[in-house]
Amino acid sequence: MSDAVTRRTISPDRIAPPAARYAHAVLVENASRWLHTSGVVPVALDGSVPDGVPAQASQVWSNIAAILTEADMTVEDIVSITTYLVATAVTPGLAQAMAARDEFLGGRRVASTLVTVPALAQPSWLLEIAVVAAS
């Protein structure tokens, strides 16, 4: 048995396929380091918040990249994502948020859940994203 960390998507043929580009589950074996983020928000280092879901998603993923770097991890280590999207931003924000996720992941599939919420902690925030990574 290898001590290398493995990540394998789980897609049972006994259930319907995922509704978008994600995995039903990701099995991680031999991981020794786990990173759980809080909901990462679309606030830039200077405190500004960009307008619109695409720009906010880009800022959030940039913030997540910085967190991963600080933890000596990469996007390859992400195994699960939870996205919180303000309900009033769902159209066309849903597709925009998913496209930003897919671009950041570079084609990888991870476990992913998107939840619509009435509001976030700040009125200007349209989404926030939490990730779990393992290495």
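For clarity, every value in this text was computed on a predicted model and none was experimentally measured. Residues take numbers from 1 onward in each chain, read along the sequence in its written order. The model is predicted, so local features are restricted to residues of pLDDT at least 70 and side-chain atom pairs to those at 80 or more, both for listing and for counting; the totals for chains, interfaces and linings are taken over all residues. Side-chain measures were taken over the full set of non-hydrogen atoms in the model, leaving aside hydrogen atoms and water.

**Some remarks on helix H2 (residues 90-105)**
Secondary structure is summarised from DSSP: a helix means a run of H or I of at least four residues, a strand means a run of E of at least two, and numbering begins at the N terminus for each. Helix span, as expected, comes to 1.5 Å for every residue beyond the first. Between its first and last C-alpha, H2 extends 21 Å over 16 residues, near the 22 Å set by a 1.5 Å rise per residue. Burial classes follow relative accessibility: with a 1.4 Å probe on protein chains only, a residue under 20% of its type's maximum area counts as buried, one over 50% as exposed, and anything between as partly exposed. The set of residues buried in H2 consists of Gly93, Ala97, Ala100, Arg101 and Leu105. Along H2, the residues classed as buried sweep out an arc of 125° about the axis, all on the same side. Summarising the geometry of H2, the exposed residues directed more than 90 degrees from the buried face are Thr91, Pro92, Ala95 and Glu103. Here, the arc refers to the directions that run from the helix axis to the C-beta atoms.

**Brief notes about the pattern of salt bridges**
Salt bridges are identified by distance alone: a Lys or Arg side-chain nitrogen within 4 Å of an Asp or Glu carboxyl oxygen. Applying the stated rule across the entire model yields three salt bridges. Among the salt bridges present, the one from Arg108 reaches Glu76, with a minimum N-O distance of 3.4 Å. Residue Arg108 is found in the loop between H2 and strand E5 (111-117), and its partner Glu76 is found in the loop between helix H1 (53-70) and strand E4 (78-86); the two are separated by 32 residues along the sequence. For the salt bridge of Arg101 with Asp102, the shortest nitrogen-to-oxygen distance reads 2.9 Å.

**Some thoughts on H1**
Its 18 residues give H1 an end-to-end C-alpha distance of 25 Å, which sits within 8% of 26 Å, the value for a rise of 1.5 Å per residue. Every buried residue of H1 is accounted for by Val53, Gln56, Ala57, Gln59, Val60, Trp61, Asn63, Ile64 and Leu68. Count one or two residues on from H1 and you reach Asp72, which has phi positive near 55°.

**A few points about the pairing of strand E6 (residues 127-134)**
Judged by how many residues are buried, E6 sits mostly within the fold: eight of eight residues are covered. By the convention used here, strands pair only if DSSP detects at least 2 bridges between them. Note that strand E3 (residues 34-36) and E6 share three bridges and pair antiparallel. Looking at E6, one finds that Trp34 is bridged to Ala134. Pairing of E4 with E6, which is carried by seven bridges, proceeds in the antiparallel orientation. Residue pairing in the sheet places Thr83 in a bridge with Ile129 of E6.

**Here we look at the nonpolar core**
Judged by nonpolar contacts, the single largest core of 24 residues is most densely connected at Trp61, Ile64, Leu68, Ile78, Ile81, Ile129 and Val131. Of all elements in the fold, only H1, E4, H2 and E6 reach the threshold of two or more residues within this core. No other element matches H1, which puts six residues into this core. Contacts are assigned to residue pairs that have any heavy atoms within 4.5 Å of one another. Discounting residues that sit within four places of it in the chain, Ile64 has contacts with Val40, Ile78, Phe104, Ile129 and Val131. Grouped together as the second largest cluster of nonpolar side chains are five residues, Val41, Val117, Leu120 and Trp125 included. Nonpolar cores are built from buried Ala, Val, Leu, Ile, Met, Phe, Trp, Tyr and Cys residues. Side-chain atoms within 4.5 Å join them into one set.

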